[in-house]
Amino acid sequence: HVQLVESGGGSAQAGGSLTLSCEIRRDTITEYHIGWFRQAPGKQREGVAAIKRDGRTYVIDDVKGRFTVSRDSIKNSVTLQMHDLKPEDTGMYFCAAQGQGMAGAFLTHAYDHWGQGTQVTVS
């Protein structure tokens, strides 16, 4: 089965940048819709960005103009470029994959496969 591995998390100052990567193993990334989600302490998990199988990208309003999601077919990975980070961006970031029947880019239950997460801390 497909395996998702996140990397790139860490600490950054407000206004700084971080780049997260989601590598897909045992399958081809172009066969999946990929979503990025985050969960802050004491809050519900929320969708942040997504890239569909056809390459179309989506971001939520809170990160529009600051976050960019892209796909690298050779590396079999999806990257989330985060710029102008804010303290409210702090949280555990997860990537998720869905092969077929996508119901919504930012719906948690629309994804069948999840990574273990990578921590992002902004101060």
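See the structure above.
Quick caveat: nothing in here was measured; it's all calculated off a predicted structure.

S.K.: An account of unusual backbone geometry is needed here, citing residue identities and associated values.
M.R.: The phi dihedral of Asn76 falls on the positive side, at around 60°, and the residue is not glycine. Looking at where Asn76 falls in the secondary structure, it is placed in the loop between strand S7 (67-72) and strand S8 (77-82). Of note in the backbone geometry, Asp84 takes a positive phi value of approximately 50° without being a glycine. By the element assignment, Asp84 lies in the loop between S8 and strand S9 (91-98).

S.K.: Now, about the pattern of salt bridges: what can you tell me, with residues and values included?
M.R.: Considering all chains together, one arrives at 4 salt bridges under this definition. A salt bridge links Arg25 to Glu23; the nearest nitrogen and oxygen atoms lie 3.5 Å apart. Relative accessible area serves as the criterion here: at 30%, Glu23 is assigned to the partly exposed category. Of the charged contacts, one joins Glu46 and Arg38 as a salt bridge, the two residues approaching to 2.8 Å between their closest N and O atoms. Each of Arg38, Glu46, Arg66 and Asp89 takes part in one network of salt bridges that share partners.

S.K.: Break down the environment of Tyr93 for me, citing the residues and quoting the values.
M.R.: Inspection of the secondary structure puts Tyr93 in strand S9. What makes Tyr93 buried here is its relative accessible area of 0%. Non-local contacts of Tyr93, meaning those with residues more than four positions away in its chain, are made with Glu6, Leu20, Trp36, Phe37, Arg38, Val48, Phe67, Leu80, Met82, Gly117, Thr118 and Val120. A polar atom in the side chain of Tyr93 sits 3.0 Å from the side chain of Arg38.

Thresholds applied
- Residues numbered from 1 in each chain as written.
- Predicted model: local features only at pLDDT ≥ 70, side-chain atom pairs only at ≥ 80, totals over all residues.
- Heavy atoms only, no water.
- Helix = DSSP H or I, 4+ residues; strand = E, 2+ residues; numbered from the N terminus.
- Salt bridge = Lys/Arg side-chain N within 4 Å of Asp/Glu carboxyl O.
- Buried < 20%, exposed > 50% of the residue type's maximum accessible area, 1.4 Å probe, protein only.
- Contact = heavy atoms within 4.5 Å.
- Polar contact = N/O pair within 3.5 Å; in protein donor to acceptor, adjacent residues only side chain to side chain.

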